[in-house]
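Per-entry structural report
Given next are the chains, with one letter for each unit.
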Amino acid sequence: MTPRTRLLLLLSLLSLPAAAQEASLWLSGDLHVHSDHSSDGSAPRQGSDDRLPGNVGIQDQIGIAVLQQLDFLPLTDHRTYSQHYSPDWQSPDLILIPGEEANGSPHATVHGAVDTVVQGSNRADTAEYLNLQQSIWMAKSQGAVWITAHPDDGEVNEDGSPNLRASAQGVDSVEVWNRASDVETEIDYAENRWNAGWRFGINGASDNHFRELWAIAGPGSPRTEVQAVNRSERAILQGLQAARTRIRADLTAPILELRADVDGDGEFETGIGDERVVAPGTVARLRLTVRQGVGTSVRLYRAPGRAAGPWQEVTPLLDEQSYTFSLPMDQNPGWIRAEARGLGLPAGLNTNDVPLSLIPAPTELPDQLRAITAPIFYGPRLAEAQPETPLPVDLGAREGGSERVLGRRGEFLGFPDIARSRRAWQMVAERHEPGATRIVYRRQFEDGRRGPEQVLSGDSASARFPRVAARGNTVWVVWQDERAGQQPRRPAILARQSLDEGRSWGEIQTIRALAGRAERPDVLIDAAGMPVFAWQEIQADQPFDIWVREGVAGEPRNLSRPGKTVMTPLPFDTRSARYPASVGPSLALAADGRLALAWQDNREDVDPLWTGRFPDGEGSDPDDWQIQLVLRAADGSWGAIETVGSADRSDQHPSLAFAADGRLVLAWDRRPLQAAGVNLEIASASRSPEGVWSAPEPLSQTPEAMAVQVRLAPAARGGVQAVWADGASADWRWRLVSRRQDRRGVWGAPQRLMEAGNQLWPALEQGVVVAASTRFARRLQRDPTQTIQRQPLPE
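All figures in this text were calculated on a predicted structure; none of them were measured in a lab.

A few points about the pairing of strand E32 (residues 545–550)
- Counting buried positions over the 6 residues of E32 gives 5, a clear majority of the element.
- Note: strand E31 (residues 531–539) against E32, 6 bridges, orientation antiparallel. Bridge pairing in E32 links valine 532 to glutamate 550.
- The turn joining E31 and E32, which pair antiparallel and follow one another in sequence, is formed by 5 residues; a positive phi near 60° is taken by aspartate 541.
- The antiparallel pairing of E32 with strand E33 (residues 557–558) creates a hairpin that spans 6 residues between the two strands, and glycine 551 there sits at a positive phi of about 85°.

Concerning a nonpolar patch on the surface
- A contiguous nonpolar surface patch, about 290 Å² in accessible area, is contributed by Leu570, Phe572 and Phe614.
- As for its position among the elements, leucine 570 is in the loop between E33 and strand E34 (582–589).

Some words on the nonpolar core
- Ranked by internal contacts, the top residues of the largest apolar core, which has 100 residues, are Trp146, Trp177 and Leu288.
- Looking at this core, the element that brings in the most residues is helix H4 (residues 130–140), giving 6 residues.
- Core analysis: the second largest hydrophobic core is formed by 15 residues, Leu631, Val644, Phe658 and Ala685 among them.

Examining the sheet that holds strand E8 (residues 201–205)
- The 5 strands are arranged E4-E5-E6-E7-E8 in an open sheet whose pairing can be described as mixed. Bordering the open sheet on either side are strand E4 (99–102) and E8, each of which pairs with just one other strand. For this sheet, the mean angle separating the axes of adjacent strands, direction not counted, is 30°.
- Bridge count for E4 against strand E5 (residues 108–111) is 4 bridges, and the pairing is antiparallel. Counterpart to alanine 102 in the pairing with E5 is alanine 108.
- Where helix H5 (residues 183–195) meets the sheet, it contacts strand E7 (173–178) and E8, and its direction lies at approximately 155° from that of E7.

Conventions adopted
Residues numbered from 1 in each chain as written. Predicted model: local features only at pLDDT ≥ 70, side-chain atom pairs only at ≥ 80, totals over all residues. Heavy atoms only, no water. Buried < 20%, exposed > 50% of the residue type's maximum accessible area, 1.4 Å probe, protein only. Helix = DSSP H or I, 4+ residues; strand = E, 2+ residues; numbered from the N terminus. Pairing = 2+ DSSP bridges. Patch = residues over 30% accessible without salt bridge, like charges linked within 9 Å, V, L, I, M, F, W, Y side chains within 5 Å. Areas by Shrake-Rupley, 256 points an atom, 1.4 Å probe, with all protein chains shown as cover. Salt bridge = Lys/Arg side-chain N within 4 Å of Asp/Glu carboxyl O. Core = buried A, V, L, I, M, F, W, Y, C linked by side-chain atoms within 4.5 Å. Axes fitted to C-alpha atoms, helices over the stretch in contact; angles between N-to-C directions. Contact = heavy atoms within 4.5 Å.

See the structure below:
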């Protein structure tokens, strides 16, 4: 960093006022920030085709975000999740949210996803935005937030009109203020989509790659403020999904508040991002409050927006000033928003251009964007998007097929699992509530009778990723939990047992808690009736490893560390660390008492968790993930690590099942070492009881479409059943596909289950599948409905 840059940074930090009181629950963050986990993560790397050392580490960006008094931060590195597998991804001062800059084109930022959202290829017979639409649906199936990044470089034509990609639906927010691009075009794009019936919020982003620009375009420049019900990842994500957002250039910029009374009771009950149905002819009352806005020009724009000029304009003379206006409603859906203009640096600095011109002309400074709010939406009905190129009509059946077992309209449930006890199906899922995630459970008997829906995670508001196992009358449920808070992120593995098939449950038990992160558990009950827990965990200066605990009283054991080479970072290169990651555990049990545990592992990659290296610049993107596994013999002894996969593909997300003859069947997804534009396929291989692996073969038969989220389970008559989701349907929706392997090891023909909506995240047991489904959602935007559906698979 140059002396001038240091001085600018110091002056900017000294000018910051005290942080807003937490009670306001407007939490500040920057939704587009890079580290050297991006292929162009820093100036030295961009200028050298990745051959020079990096100088923007994870802790560097976190440190600046803390100095800028941000409350939360995602690191949105390009088409990767590797930043979250680093021990540096931790902070006691910020809520760190998983983030990614997704897609080859157009770019988007995704927040709260559980892994990278892979953009596949488009089918030759479909509109150009099929892969974009399927990516949006994939993110939303996880409760994640999808944000259109810098739409001036992705969603518009040269004349500023929307291109074909702008027809995608379900976007939660649009980046209308990207510090590195054309802010005015981005605002025009958002107004165009609102006028066409889209209903989303707005956000701002530094899009920072360079430490050299921290003083004028670092994290928090601009800052997005999100209205949240509490200080948690889930509350922030829900605020973004509800469009309750506003943007400020910095902490000295005006604070804009917009509220409306649409029912005439004198209470201004409607706020930024809300969508209200109001009868034509109603005259609502609108209240604009401006803080820190003395001398600025504050303008209200209502549909159709800036093309019609400001609807109202005021210039505050006090540090806090409120204005009230009458807002008549007509026959058309509409919106209204506020923005403040005044003296400031240019809102867009073209910081991705080299060489940089950072000295603005004096004429550019007096009327700069200083603050902007998302709209209040209103109309005689809820708006529906009117895309230039419509989505195909949903061809799925709305009657018959599956039955709803967890959730109801208006609720979001995801990540289901299922197990079979002596007389009942045991089902669990993750439910999202305001500012909270909980583990819910239900059982169902063969005759269709169901027990009540129960919360197993107690009073925790951060319970996630449940798995269930059953044997006889015994049931175990395990999950990941952050009940101690999320600053820093310290998830633990918790579990609960029932000895009477779910009629009653014992106390919550801690399986693993540490000064680090224990995540993504799995569980089974072995032949002796003992629970076996597996999870991934990471500690300071250590990589992610796969751990196992046999019985509640057993000692935790690291099964993936043998053979790993670990190296802490060199002081001159932020990407020199070597932390090979072992993540995504999957357990399976054989009839003879053997046990198998698989995971994905990138220790064989030339630069694990990175793209390119010093000094040659060569690297794999994505990492060369491979599947690794260990077997536990019937006598309880663990074997050596075995590897399945290919050095020219990324092999991830394994699932296991034993056939009746003792063969171990493995399935996973794979793709060429290309970050976007190629489809995932499902592959399968088998291990004989003597330890010989068959060659991997494609299990999915749709190379022109994505195939994801495979799960295996033993099938009737000695075979193995597989189920996964693919995007091959003519209407683009994600649908479940099943395929059965007979006792000879031969796979039968695939069978597609056609239900309305998207079906994802399947889990399988004895020929019965549960999955997350949007079957009961009424709108393609702003409708969170996702229920858990259950149905038998066809024979």
